[in-house]
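# Summary of the model geometry
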Amino acid sequence: MAGKYFEDLEVGMHFKHSAGRTVTEMDNVLFSSLTMNTQPLHVNEDFAANTEFGQRIVNGIFTLGLVVGLTVAELSEGTIIANLGYDKVVHPNPTFHNDTIYAETEVLEKRESKSRSNAGIVKFRHTGKKSDGTIVVQFERTAMFLKKGQRLDFLPKSESQSYDL
């Protein structure tokens, strides 16, 4: 398993994730369409060409999701129980079609879970950057991670419990 366990993560750790992803026009139009986002800045080239950007901009929620995805292989693959929340989301610069995005992560906080003895809660700051270093998204994410030697138990719906935040 490539993901980190709760014990592997320490406050102050910094990860520069190796994967990058070039955003395509299809990514943006499909995501905007699937999420019913009809903002012409995302889907109408004629409209967007007459704005300060001069072209369509990539849907910010897609950019946020992409940055989370870029962290999975090195951070949470197989070791995360749940994402618990996203905070302080900022998009200081737009993402455009054909921009390549990379991700960095800093561990901000960690604590034992109050609801599950096999898990801990970790807060991260994720930063998405273009290949030239321009920040396009930054946000905090709180997630529940497995502890070493524990396994992910999927409880039947009638026995499931909520997660502590």
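One can find the structure itself at the top, above this paragraph.
Predicted model, so just to flag it, every value in this text is computed and none were measured. (Residues numbered from 1 in each chain as written. Predicted model: local features only at pLDDT ≥ 70, side-chain atom pairs only at ≥ 80, totals over all residues. Heavy atoms only, no water.)

## A short note on the nonpolar core
Quick note on the threshold: To define a nonpolar core, start from buried Ala, Val, Leu, Ile, Met, Phe, Trp, Tyr and Cys residues and group those joined through side-chain atoms within 4.5 Å. Only protein chains enter the area calculation, which uses a 1.4 Å probe; residues under 20% of their type maximum are buried, those over 50% are exposed, and those in between are partly exposed. Helix and strand definitions here come from DSSP, where helices need a minimum of 4 consecutive H or I residues and strands a minimum of 2 consecutive E residues; each element is numbered from the N-terminal end.
Val23, Leu66, Val67, Ile101 and Phe139 are the most contacted members of the largest nonpolar core, which has 13 residues in total. Listing elements by their share of this core, those giving two or more residues are α4 (60-75), β3 (100-112) and β5 (135-146). Looking at which element gives the most residues to this core, the answer is α4, with six residues.

## A closer look at helix α1 (residues 25-34)
In plain terms, the rule: In this description, one arc is meant: the one made by directions from the helix axis to the C-beta atoms. Note on contacts: a residue pair qualifies if any of its non-hydrogen atoms lie within 4.5 Å across the two residues.
Listing the buried residues of α1 in full gives Asp27, Asn28 and Ser32. Seen from one end, α1 has its buried residues packed into an arc of 115 degrees, which puts them on one side. Counted as exposed and oriented over 90 degrees from the buried face of α1: Met26 and Leu34. In this fold, the buried residues of α1 make contact with β1 (14-22), α2 (40-43) and α4. Just downstream of α1 lies Met36, where phi reads positive at about 60 degrees.

## Quick notes on a nonpolar patch on the surface
Quick reminder of the rule: Residues form patches when they are more than 30% accessible in relative terms and have no salt bridge. Like charges link within 9 Å. Nonpolar side chains (Val, Leu, Ile, Met, Phe, Trp, Tyr) link within 5 Å. Accessibility throughout is a Shrake-Rupley quantity obtained with a 1.4 Å probe, and a residue counts as covered only by protein chains that appear here. Here, a salt bridge means any side-chain nitrogen of Lys or Arg that lies within 4 Å of a carboxyl oxygen of Asp or Glu.
On the surface, Met26, Leu30 and Leu34 cluster together into a nonpolar patch covering about 340 Å² of accessible area. Tracing the sequence through the fold places Met26 in helix α1.

## Re the sheet that holds β5
Here is the rule: Note: two strands are recorded as paired if DSSP finds a minimum of 2 bridges between them. Axis lines are fitted to C-alpha atoms, over the contacting stretch for helices. Their N-to-C directions set the angle, which ranges from 0 to 180 degrees.
If you walk across this open sheet you meet the five strands as β1-β3-β4-β5-β2, and the pairing is antiparallel. The sheet is open, and its two borders are formed by β1 and β2 (80-90), each paired with just one other strand. Adjacent strand axes in the sheet meet at a mean angle of 25 degrees, parallel and antiparallel pairs treated alike.

## Observations concerning the pattern of salt bridges
Applying the stated criterion across every chain, the model contains eleven salt bridges. A salt bridge links Glu140 to Lys123, with the nearest nitrogen and oxygen atoms 3.7 Å apart. In this pair, Glu140 sits in strand β5 while Lys123 sits in strand β4 (residues 119-130), placing the two residues 17 residues apart along the sequence. Judged by relative accessible area, which is 8%, Glu140 ranks as buried.

These figures capture arrangement, not role.
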